[in-house]
Amino acid sequence: MDFQFDIGARLKAMRSAAGLSQRQLAERANVPHAQISNVEKNKVSPSVSTLRRILSGVGVSMADFFEPEREVPPGPFFEADQLLDLTSKIAVNAIGEGSGRMAFRQIGDARSHNLQILHEVYEPGADTGETLLQHPSSEGGYVVEGELEVTVDAEIRVLRAGEAYLFDSRQPHRFRNLSDNKTIVISACTPPYL
């Protein structure tokens, strides 16, 4: 059975539990009121940065937002098919404004270890979006295959296989694959943000 996570219903339930109207949540999250309504009605799929901003208005992390659907094997070892697919929890084509798809698979239970390790795949044209990401974490990654343009604050660099990044995630950042080939990255973030 192919289960589709209902972002709109989950957001509405969390907003109601917090005792907030759509307008109050919009004000707290600093987003237009119509955006909350459209997300709750599943008329639009929010980007990662927009969903994170909305959830900040109810004091909920991305991990907590999607937590009820997670079934994570205890480890310490994981087969390839045991990696937790976070991509299916977020409308893949809604991540950023790029034309390419992205895939994010998590190793184990990030929350219990306070460390999120991801296998990331960026197809050509994939982009986390013009709205730069920011979250209270530290993150780093290693480019296994291909190349990835990484923006951290005002610095921009194209990293190729064998190169890496590490920065304070409170700095605005963005990831893009501007090449014609797939890019694979292994990344880590603490505390977890997805």
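Preceding block: the structure.
Along every chain, residues carry numbers that run from 1 in the direction the sequence is written. Confidence filtering applies because this is a predicted model: local features only for residues at pLDDT of at least 70, side-chain atom pairs given and counted only at 80 or more, and all residues used for totals across whole chains, interfaces and linings. Side-chain numbers here rest on the full set of heavy atoms in the structure, without hydrogens or water.

Engineer: Got a minute to help me understand the overall build of the protein in this structure?
Structural biologist: Across its full length, the protein carries six helices and nine strands. Relative to its 194 residues, the protein shows a buried fraction of 44%. Long-range contacts, defined here as pairs at least 24 residues apart, represent 66% of the contacts in the protein between residues at least 6 apart. Accessibility throughout is a Shrake-Rupley quantity obtained with a 1.4 Å probe, and a residue counts as covered only by protein chains that appear here. Summed over its atoms, the accessible surface of the protein is roughly 10100 Å², and 48% of this surface lies on carbon and sulfur atoms. For the purposes of this entry, the term helix denotes a DSSP run of H or I that reaches at least four residues, the term strand denotes a run of E that reaches at least two, and both are numbered from the N terminus. Each residue's exposure class comes from its accessible area (1.4 Å probe, protein chains only) as a fraction of the maximum for that residue type: buried when under 20%, exposed when over 50%, partly exposed otherwise. Note on contacts: a residue pair qualifies if any of its non-hydrogen atoms lie within 4.5 Å across the two residues.

Engineer: I keep staring at the side chain of Ser47 and nothing clicks. Help me out?
Structural biologist: Within the element layout of this structure, Ser47 appears in the loop between helix 3 (33-40) and helix 4 (48-56). Any pair of N or O atoms that falls within 3.5 Å is considered a polar contact. Within protein, one atom must be able to donate a hydrogen and the other to accept it, and sequence-neighbouring residues count only if both atoms are side-chain atoms. Separated by 3.2 Å, the side chains of Ser47 and Ser49 make a polar contact. Side-chain polar atoms of Ser47 contact the side chain of Thr50, separated by 3.0 Å.

Engineer: Teacher, can you tell me more about helix 1 (residues 7-17) here?
Structural biologist: For an α-helix the count is 3.6 residues per turn, leaving residues at separations of three or four pointing the same way. When we look at burial in helix 1, the residues that qualify are Ile7, Gly8, Leu11, Met14 and Arg15. Across the axial projection of helix 1, the buried residues extend over an arc of 135°, all falling on one side. Between a side-chain oxygen at the N-terminus of helix 1 and the backbone nitrogen of Gly8 the separation is 3.2 Å; the capping residue is Asp6. Gly19 sits one or two residues past helix 1 and shows a positive phi near 70°. Taking the helix axis as origin, the arc is that swept by the directions to the C-beta atoms.

Engineer: It is not clear to me how the environment of Ile54 should be interpreted in this structure. Could you clarify?
Structural biologist: Looking at the element boundaries, Ile54 is found in helix 4. On the basis of relative accessibility, which here comes to 0%, the residue Ile54 falls in the buried class. Linking Ile54 and Gln35, residues 19 residues apart in sequence, is a C-alpha distance of 9.3 Å. Those residues in contact with Ile54, other than ones at most four positions away along the chain, are Leu11, Leu25, Ala29, Val31, Ile36 and Val39.

Engineer: How do you make sense of the packing of aromatic side chains when you look at a structure like this?
Structural biologist: In this description, an aromatic ring pair is defined by two values, namely the gap between the centres and the angle between the planes. In this scheme Phe, Tyr and Trp rings, the latter by its six-membered ring, pair at centre separations within 6.5 Å, and the angle between planes marks the pair as stacked below 30 degrees, edge-to-face above 60, and tilted otherwise. In total, this model carries three aromatic pairs according to the counting rule given. Taking the centre distance of 5.5 Å and the plane angle of 50° together, the rings of Tyr165 and Phe175 count as tilted. Here the residue Tyr165 occupies a position in strand 7 (residues 164-168), and Phe175 occupies one in strand 8 (residues 173-176), the gap between them amounting to ten residues. Above the face of the Phe65 ring, Arg10 is positioned so that its terminal group lies 5.9 Å from the ring centre. Only lysine NZ and arginine CZ atoms are considered, and such an atom sits over a ring when it is within 6 Å of the ring centre and within 35 degrees of the ring normal.

Engineer: Looking at this structure, how should I read the sheet that holds strand 1 (residues 84-85)?
Structural biologist: Reading across from one edge, 1-2-3-9-4-7 is the order of the six strands in this open sheet, with antiparallel pairing throughout. The strands lining the two open edges of the sheet, one partner per strand, are strand 1 and strand 7. Pairing between strands is defined by DSSP: at least two bridges between them are needed.

Engineer: Please clarify how the pattern of salt bridges should be interpreted in this entry.
Structural biologist: The term salt bridge refers to a side-chain nitrogen of Lys or Arg lying within 4 Å of a carboxyl oxygen of Asp or Glu. Inspection of every chain in the model, using the stated rule, returns six salt bridges. The partner of Arg160 in a salt bridge is Glu147, with the nearest N and O atoms 3.5 Å apart. A residue pair is termed long-range when its members are at least 10 positions apart, and Arg160 in strand 6 (residues 155-160) and Glu147 in strand 5 (residues 147-152) qualify at 13 residues. Looking at Arg160, the relative accessible area reads 44%, which means it is partly exposed.

Engineer: What is the right way to read the packing of helix 2 (residues 22-29) against helix 3 from this model?
Structural biologist: Each pair of packed helices can be summarised by the angle the axes make with each other and by the distance between the axes. Where helix 2 meets helix 3, the closest approach of the two axes is 8 Å, and the angle between their N-to-C directions is 115°. Regarding helix 2 and helix 3, the two cross each other, and that crossing is right-handed. Counted together, Gln22, Arg23, Leu25 and Ala26 of helix 2 and His33, Ile36, Ser37 and Glu40 of helix 3 form the full contact between these two elements. Partitioned by chemical class, the residues of the contact of helix 2 with helix 3 number three nonpolar, three polar and two charged. Working convention: axes come from line fits to C-alpha atoms, limited for helices to the stretch in contact. Angles between N-to-C directions cover 0 to 180 degrees. Rotating anticlockwise by less than a right angle from the far helix to the near helix defines a left-handed crossing, while the corresponding clockwise rotation defines a right-handed one. Here the nonpolar group is Ala, Val, Leu, Ile, Met, Phe, Trp, Tyr, Cys and Pro; Asp, Glu, Lys and Arg are the charged ones; every other residue, Gly included, is treated as polar.

Engineer: Just to check I follow, could you spell out the environment of Gly8 for this structure?
Structural biologist: Summarising the element assignment, Gly8 is placed in helix 1. On a C-alpha basis, the gap between Gly8 and Asn42 in space is 5.3 Å, while along the polypeptide they are 34 residues apart. In contact with Gly8, other than residues within four places in its own chain, are Val39, Glu40 and Asn42.

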